[in-house]
Amino acid sequence: MKKVKSVLLGVVLIFVTGAVMATGNLKVEICSVEKNRTVVDISNVEESIYEVELTNKNGDIVYYKKSEAPSNVYRMYFDFSKISEGEYNLTVSIGNEKNVNTLRISKGQVELADQRKELEPFFTVKGNRLELSYLNFAKEDLKLMVYGNNMLLFEKNLNPDFSVNYALDFSYLKSGNYNAVLSGANNSYEYTVKVK
């Protein structure tokens, strides 16, 4: 196992990927208008199809809606009078970008407890070199792992910076498929690397 780990060379990259930097324009505003009623205003620089999902603390979907046509703005009204008090996640998604809002509902009041952006990482392979670029909005601790034949071959803790860029050289490994996994506190992303 140590021998395999030593052939995976980690290289910190000093590049900014345009594909990742071009996103991050999704905005979500939540405003209580009266007891149990809330307005959600969604906007994006580009016209988009919006997916809105409300889940309880167990991850069960309480509400789901997908907009019918692309638009720069989208407005929704929620009536929370028919759901139990507690914490819920209101997630708005467009493509590879999400805005996750934690709502606390208590005694008819809706409070925004937390709001975070999530953007899927950008993976690319050049030759046998995997390049990763990720906007870490939450600045959470991240771990990069590589698996081959269901065995952990490589593991590295990445700095919790806002812009995370990293590369791995797979050229010393045997031909085949390997899975690179970027994992944080809230999400995990997987990418298959084919070594020729």
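The structure we're discussing is the one just above.
Residues numbered from 1 in each chain as written. Predicted model: local features only at pLDDT ≥ 70, side-chain atom pairs only at ≥ 80, totals over all residues. Heavy atoms only, no water.

> Can you walk me through the packing of aromatic side chains in this structure?
For any pair of aromatic rings, geometry is given as the distance between the ring centres together with the angle between the planes. A complete count under the given rule lists 7 aromatic pairs for this structure. Between the aromatic rings of Tyr63 and Phe78, the centroid separation amounts to 5.2 Å while the plane-to-plane angle is 80°, which identifies the pairing as edge-to-face. Of this pair, Tyr63 sits in strand 5 (residues 61–66) while Phe78 sits in strand 6 (residues 71–79); the two residues are 15 residues apart in sequence, bridging distant segments of the chain. Note on Tyr63: relative accessible area 30%, which makes it partly exposed. Between Tyr134 and Tyr189, the ring centres sit 6.0 Å apart and the planes meet at 55°, which makes this aromatic pair tilted. Taken together, the residues Tyr134 in strand 11 (residues 129–135) and Tyr189 in strand 16 (residues 188–195) connect sequence positions 55 residues apart. Note on Tyr189: relative accessible area 15%, which makes it buried. (Phe/Tyr/Trp six-rings, centres within 6.5 Å; stacked < 30°, edge-to-face > 60°. Helix = DSSP H or I, 4+ residues; strand = E, 2+ residues; numbered from the N terminus. Buried < 20%, exposed > 50% of the residue type's maximum accessible area, 1.4 Å probe, protein only.)

> It is not clear to me how the environment of Leu182 should be interpreted in this structure. Could you clarify?
Secondary-structure assignment places Leu182 in strand 15 (residues 176–183). The buried category is assigned to Leu182, whose relative accessible area is 1%. Residues in contact with Leu182, not counting those within four places in the same chain, are Pro121, Phe123, Leu132, Tyr134, Leu142, Lys143, Leu144, Leu158, Asn187, Ser188 and Tyr189. (Contact = heavy atoms within 4.5 Å.)

> Can you help me understand the pattern of salt bridges in this one?
Where charged atoms of side chains with opposite charge meet at close range, the side chains can pair. The full count for this structure, using the stated rule, is 9 salt bridges. Note that Arg104 and Glu111 form a salt bridge whose closest N and O atoms lie 3.8 Å from each other. Among the salt bridges present, the one from Arg116 reaches Glu118, with a minimum N-O distance of 2.9 Å. For the pair shown, Arg116 and Glu118 are each scored as buried. The structure contains a network of salt bridges with shared partners spanning Glu87, Arg104 and Glu111. (Salt bridge = Lys/Arg side-chain N within 4 Å of Asp/Glu carboxyl O.)

> Even after reading the chapter, I still don't get the sheet that holds strand 2 (residues 27–34), so can you show me in this structure?
In a beta sheet, neighbouring strands pair by backbone hydrogen bonds and run either parallel or antiparallel. The antiparallel open sheet is built from 3 strands, whose spatial order is 2-3-6. The sheet is open, and its two borders are formed by strand 2 and strand 6, each paired with just one other strand. Neighbour to neighbour, the strand axes of the sheet diverge by 20° on average, direction disregarded. In this structure, strand 3 (residues 37–48) lies alongside strand 6, joined through 8 bridges in antiparallel fashion. Within strand 6, the residue paired with Val39 across the bridge is Tyr77. (Pairing = 2+ DSSP bridges. Axes fitted to C-alpha atoms, helices over the stretch in contact; angles between N-to-C directions.)

> Would you take a moment to explain the environment of Asp41 for this structure?
Structurally, Asp41 can be placed in strand 3. Overall, the relative accessible area of 26% leaves Asp41 in the partly exposed class. Distance in space between the C-alpha atoms of Asp41 and Glu29 is 5.1 Å, their sequence separation being 12 residues. Separated by 2.6 Å, the side chains of Asp41 and Arg75 make a polar contact. (Polar contact = N/O pair within 3.5 Å; in protein donor to acceptor, adjacent residues only side chain to side chain.)

> I would appreciate a short explanation of unusual backbone geometry in the present structure.
The bulk of non-glycine residues show a negative phi, and the bulk of peptide bonds are trans. The backbone of Lys139 shows a phi angle near 50°, a positive value even though the residue is not glycine. Along the chain, the position of Lys139 falls in the loop between strand 11 and strand 12 (142–148). Since its relative accessible area comes to 52%, Lys139 is described here as exposed. Look at Asn149: it is not a glycine, yet its phi comes out positive at around 50°. Structurally, Asn149 is set in the loop between strand 12 and strand 13 (151–158). Judged by its relative accessible area of 75%, Asn149 is exposed.

> Got a minute to help me understand the sheet that holds strand 13 in this structure?
Strand order in the open sheet formed by 4 strands is 13-12-15-16, and the pairing between neighbours is antiparallel. Whereas interior strands pair on both sides, the edge strands pair on one side only; in this sheet they are strand 13 and strand 16. Direction aside, neighbouring strands of the sheet carry axes that sit 20° apart on average. Where strand 12 lies against strand 15, 5 bridges are found, and the strand directions are antiparallel.

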